[in-house]
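Architecture at a glance
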Amino acid sequence: ESRSYAAFERLPGSGVDEGTSNRRGLLEDFRAWMEVGIVKFFSAWRNGVRTIMLLPSPEQKPKNVARDMIEETIEGLKWDRVVNYDQRTTEDLIRQAGYPYEKLMVLTEDGYVIQLDRIPRKKATRVVYMQHGLLDSAMGWIANGVVGSQAFAAYDAGADVFLGNMRGCPPRRHRDKSKEGHSYWKFSMNELGLQDVPAFVDKILQVKGMEGVEKPQIDLVAHSLGGAASLIYLISRLIMNQPHHISRLVLLSPAGFHHKKIPPLAWFFVLLYPLQPLFIKFSPGLFVPTHSLRVLFQKLMEDIHSLPALSDFVDYIISKGFLGGDKSSWHRSMRLPHYNLSEGMPGTSYQILLHICQCWKWQSFVLYDHGPQGNYETYGTVKPLDVSAYYHLLDVPVHLVGGSKDGIVPAANTRLHYKVLRECGRDVTYKEFNYGHLDFTVSVKDELKVYILKLLQLGGNQLQGNGSKTAVPTEGWAD
């Protein structure tokens, strides 16, 4: 039975905000410790004077409301309470919202242990599989609470919902324990699309088959890097003439093309492109490595969040200075619990960043460039395989969604996917919202939620790219 939900907008991460009023930042901790220090100092001074003057200690303390409040503060500032980080998991947030939950562990062919979160509707024949983007996890799909989260909306619409966590997310384990250190991070977009996504799809088919649903309709909704991985998965299966089991693709600001417009931060990696192999060799990956640093990071985010002027300033600096004017609410997004979990935070490899730079260099959506010799051994050509050159093989509807305020994957790059697919005569649509990059996941507005549900509820070829009202003309869009 579907639950009802109101149609109104919520701030980014509103679901995460619920029940977190006890979280404190460094400034609040410092102020409380100063108060405690002052009280302790005068208490010691008073006791010292009483001792020197040989005054008897009072047998019973008179009732003192202020003192009692201070003692409660002192009790609250014991170490295990000072480090009051939010370590709720995706499971905690789903159950807190009143939905069922199931955790599935998945083993990829190359030995990585990755996690598939599920909001189960076991007898449903329709499956919505959602795949997160860069430095994100399954939590992004449910972070906006019951009203504002795409995963909950899909479940309410009658779907069995699966949320994939690609390698780089906890539990960060490998079948071979020797590969859980530095070597764990040796992966690019290739592995995400050729290993992780197929492992998730196979697991979904296995689980649904055990529940008596032999041929579920699997609609794949992916954001950013997850979109690129999903396209790599489908293209690789079609090239090898293998079934992919996907009925529909909904790609929200997908990665892959990056040369039309890139944010200022990306130029840093482009300029250091010749040094990227050194980063890969000596640095394990991009993430906050220790629990203490994650707690510090979370408390700094709480301080920023508690000061509206500072939070607006931080968003402005991140947006204008690093991310090409992206309008996402970055300080709120970074308060998500998965960035301070004791078991780790979402991370990525430097090979992923290098791979994105390679797409910029080749001005196309290519697989990882191993160099002429490595490419020949891997792909049979001296150049990396161009994924978009095989878009003509796609045999399912593809719905592209771009953001006019997206500075990470600007709409001009998303429209390139549309242009190539349209030229191939594929079943493709494109719609653009006035959104930043994170507005597609942790800050879902009602118009996007309704639009995606409309796409997912349409079956077969009811929505054709060449005749859809959401399709846009090629001319002038990809320039």
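Residues numbered from 1 in each chain as written. Predicted model: local features only at pLDDT ≥ 70, side-chain atom pairs only at ≥ 80, totals over all residues. Heavy atoms only, no water.

The next subject is the overall build of the chain. A tally of helices and strands in the chain yields 18 helices and 9 strands. Within the chain, the fraction of its 479 residues that count as buried is 54%. For the chain, the proportion of contacts with a sequence separation of at least 24, taken over those separated by at least 6, is 78%. As displayed, the chain offers around 21800 Å² of accessible surface, 58% of which is attributable to carbon and sulfur atoms. (Helix = DSSP H or I, 4+ residues; strand = E, 2+ residues; numbered from the N terminus. Buried < 20%, exposed > 50% of the residue type's maximum accessible area, 1.4 Å probe, protein only. Contact = heavy atoms within 4.5 Å. Areas by Shrake-Rupley, 256 points an atom, 1.4 Å probe, with all protein chains shown as cover.)

In this section: the pattern of salt bridges. Within this structure, the stated rule accounts for 12 salt bridges. Residue Asp110 pairs with Arg167 through a salt bridge whose shortest N-O separation is 2.9 Å. Taken together, the residues span a long stretch of sequence, with Asp110 in the loop between strand 1 (102–107) and strand 2 (112–119) and Arg167 in the loop between strand 4 (160–165) and strand 5 (173–174) at a distance of 57 residues. In this structure, Arg415 and Glu432 form a salt bridge, with 2.7 Å as the shortest nitrogen-oxygen distance. Of this pair, Arg415 sits in helix 17 (residues 411–423) while Glu432 sits in strand 9 (residues 428–433), and the two are 17 residues apart along the sequence. Residue classification places Arg415 among the buried residues on the basis of a relative accessible area of 14%. If you follow the salt bridges from partner to partner, you end up with Glu102, Arg118, Asp160, Lys208 and Glu211 in one network. (Salt bridge = Lys/Arg side-chain N within 4 Å of Asp/Glu carboxyl O.)

Attention shifts here to a nonpolar patch on the surface. Together, Leu27, Leu265, Phe268, Leu307, Leu310, Phe313, Tyr316, Ile317 and Phe322 make up an exposed nonpolar region whose accessible area comes to about 840 Å². At the level of elements, helix 10 (264–271) and helix 13 (308–322) are the ones that each hand at least two residues to the nonpolar patch. It is helix 13 that contributes the most residues to the nonpolar patch, 5 residues altogether. Inspection of the secondary structure puts Leu310 in helix 13. (Patch = residues over 30% accessible without salt bridge, like charges linked within 9 Å, V, L, I, M, F, W, Y side chains within 5 Å.)

Over its 16 residues, helix 12 (residues 291–306) extends 23 Å from the first C-alpha to the last, a length consistent with the 22 Å expected when each residue adds 1.5 Å. Within helix 12, the full set of buried residues consists of Arg294, Val295, Gln298, Lys299, Met301, Glu302, Asp303 and Ile304. (Expected span 1.5 Å × (residues − 1).)

Two elements in contact, helix 8 (residues 189–210) and helix 15 (residues 350–362), have axes whose closest approach is 8 Å; the angle formed by their N-to-C orientations is 105°. The orientation of helix 8 relative to helix 15 falls into the category roughly perpendicular. The residues of helix 15 that touch helix 8, namely those facing Met189, Asn190 and Leu192, are Ile352, His355, Ile356 and Cys359. The residue makeup of the contact of helix 8 with helix 15, split by class, is 5 nonpolar, 2 polar and no charged. (Axes fitted to C-alpha atoms, helices over the stretch in contact; angles between N-to-C directions. Parallel < 35°, antiparallel > 145°, perpendicular 65-115°, else oblique. Nonpolar A, V, L, I, M, F, W, Y, C, P; charged D, E, K, R; others polar.)

In total, this model carries 14 aromatic pairs according to the counting rule given. Taking 5.5 Å as the distance between ring centres and 80° as the angle between the ring planes, the aromatic pair formed by Tyr99 and Tyr155 counts as edge-to-face. Placement of the pair is Tyr99 in the loop between helix 5 (90–96) and strand 1 and Tyr155 in helix 7 (residues 150–156), with a sequence separation of 56 residues. In terms of burial, Tyr99 and Tyr155 fall into one category: buried. Both rings, one in Tyr184 and one in Trp185, keep their centres 5.2 Å apart while their planes meet at 75°; by these two values the pair is edge-to-face. Each member of the pair, Tyr184 together with Trp185, is buried. (Phe/Tyr/Trp six-rings, centres within 6.5 Å; stacked < 30°, edge-to-face > 60°.)

Across residues other than glycine, the phi torsion is negative in most instances, and most of the peptide bonds are trans. The linkage connecting Pro170 with the following residue, Pro171, adopts the cis geometry, with an omega of 20°. Tracing the chain through its elements places Pro171 in the loop between strand 4 and strand 5. You will see that Arg172, though not glycine, has its phi angle at about 50°, which is positive. For Arg172, a relative accessible area of 14% puts it in the buried group. Of note, the phi angle at Ser253 is positive, near 45°, even though the residue is not glycine.

Where strand 1 meets strand 2, 6 bridges bridge the pair, whose relative direction is antiparallel. Within strand 2, the position partnered with Leu104 by the bridge is Leu116. Between strand 1 and strand 2, which pair antiparallel in sequence order, lie 4 residues; one of them, Gly111, sits at a positive phi of approximately 95°. (Pairing = 2+ DSSP bridges.)

To continue, consider the confidence of the model for the chain. Mean pLDDT over the chain works out to 82, with 80% of the residues at or above the 70 mark. Low confidence marks residues 458–479, where pLDDT is under 50. Its contacts with residues over four positions away, or in another chain, come to 43 contacts. (pLDDT = per-residue confidence, 0-100.)

Let's shift gears to the packing of helix 8 against helix 9 (residues 225–239). Two elements in contact, helix 8 and helix 9, have axes whose closest approach is 8 Å; the angle formed by their N-to-C orientations is 75°. Considered as vectors, helix 8 and helix 9 are oriented roughly perpendicular to each other. When helix 8 is examined against helix 9, the residues Met189, Leu192, Gly193, Leu194, Val197, Pro198, Val201 and Asp202 are found in contact with a partner set consisting of Leu225, Ala228, Ala229, Ser230, Ile232, Tyr233, Ser236 and Arg237. For the contact of helix 8 with helix 9, a count of residues per class yields 11 nonpolar, 3 polar and 2 charged.

This part takes up the nonpolar core. Counting 57 residues, the largest nonpolar core has Tyr129, Phe365, Tyr391, Leu394, Val398 and Leu400 as the members making the most contacts within it. The greatest single-element share of this core, amounting to 9 residues, is contributed by helix 9. Once you skip the residues sitting within four places of it in the chain, Leu400 turns out to touch Leu251, Pro254, Thr414, His417, Tyr418, Leu421, Val428, Thr429, Tyr430 and Lys431. Counting residues in hydrophobic clusters, the runner-up holds 45 residues, among them Ile94, Phe152, Ala159 and Val221. (Core = buried A, V, L, I, M, F, W, Y, C linked by side-chain atoms within 4.5 Å.)

Positionally, Ala389 belongs in the loop between helix 16 (372–379) and strand 8 (398–403). Considering only alpha carbons, one finds Ala389 and Phe365, 24 residues apart in sequence, at a separation of 8.7 Å.

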